[in-house]
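The residues making up each chain are set out below.
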Amino acid sequence: MPPIRRPLLLATAAAVLYAVVGCATTPVPVTIADAAARTPQLSILTKLLADAGLTDTLRGAGPFTVFAPNDEAFKAVPAKTMTELAANKALLTSVLTYHVLAGKVGSVDVKNGNLKTLQGANVAVAKAGSFVTVEDAVVTEADVVATNGVIHIIDKVLMPPKP
């Protein structure tokens, strides 16, 4: 092999090796708020958490369990209700904290019964095999792990009981 080609071949091989091995990174651990923000199907929830001033709470130490309604769940909420939530920060905060538990509850830990939310009211959770529900919502993706808890993506927005 001519002397000029060998360094070029070695440089090319090194670049390919770096591209294959050097780009393989382990995911950086993130908080619940950041995990939600990185999940495309939780973009509406992420915006509403910011609007309610709850983003920093869900970046806190926790641990928390969040039953996170996906974007389709929010799109199914009547427009009038979404307008009310946008206009009333206290109501929005109440609805969002009704989706949050203090403590980490993975899907394997779910037992049929009631769990107290940060909002103050209880939610009914049930499990049959790997099928988990909270109130009348189905967990569509369980155990999105975060440094300060866990997210379970659900298919409905939960509304707290009227006081």
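Since the model is a prediction, treat every value here as computed from it, not as a measurement. (Residues numbered from 1 in each chain as written. Predicted model: local features only at pLDDT ≥ 70, side-chain atom pairs only at ≥ 80, totals over all residues. Heavy atoms only, no water.)

1. Regarding the pairing of strand E4 (residues 122–128)
- Relative to E4, strand E3 (residues 113–116) runs antiparallel, the two being bridged by four bridges. Directly across from Leu 115, in E4, lies its bridge partner Val 123.
- The turn joining E3 and E4, which pair antiparallel and follow one another in sequence, is formed by five residues; a positive phi near 115° is taken by Gly 120.
- Two elements, E4 and strand E5 (residues 131–134), share four bridges in a ladder whose sense is antiparallel. The residue of E5 that forms the bridge with Lys 127 is Val 132.
- Where E4 folds back on E5, the antiparallel hairpin that results is connected by two residues, among which Gly 129 adopts a positive phi of roughly 65°. (Pairing = 2+ DSSP bridges. Helix = DSSP H or I, 4+ residues; strand = E, 2+ residues; numbered from the N terminus.)

2. Things to note about the environment of Val 132
- Tracing the sequence through the fold places Val 132 in strand E5.
- Sequence spacing of Val 132 and Val 108 is 24 residues, and the spatial spacing of their C-alpha atoms is 9.5 Å.
- Other than its neighbours up to four places away in sequence, Val 132 contacts Ser 107, Val 110, Ala 126, Lys 127, Ala 137, Val 138 and Val 139. (Contact = heavy atoms within 4.5 Å.)

3. Some remarks on the confidence of the model for the protein chain
- Looking at the protein chain as a whole, the pLDDT averages 87, with 82% of positions reaching at least 70.
- Scored below 50 in pLDDT, residues 8–26 shows three contacts in the model against residues more than four places distant or in partner chains. (pLDDT = per-residue confidence, 0-100.)

4. Regarding the packing of helix H3 (residues 43–52) against helix H6 (residues 89–97)
- Direction vectors running N to C along H3 and H6 enclose 130°, while the axes themselves pass 9 Å from each other. Looking at the two axes, H3 sits oblique to H6. The handedness of the crossing between H3 and H6 is left-handed. Contact residues: Leu 45, Leu 48, Leu 49, Asp 51 and Ala 52 in H3; Lys 89, Leu 92, Thr 93 and Leu 96 in H6. (Axes fitted to C-alpha atoms, helices over the stretch in contact; angles between N-to-C directions. Parallel < 35°, antiparallel > 145°, perpendicular 65-115°, else oblique. Left-handed = near helix turned anticlockwise from the far one by under 90°.)

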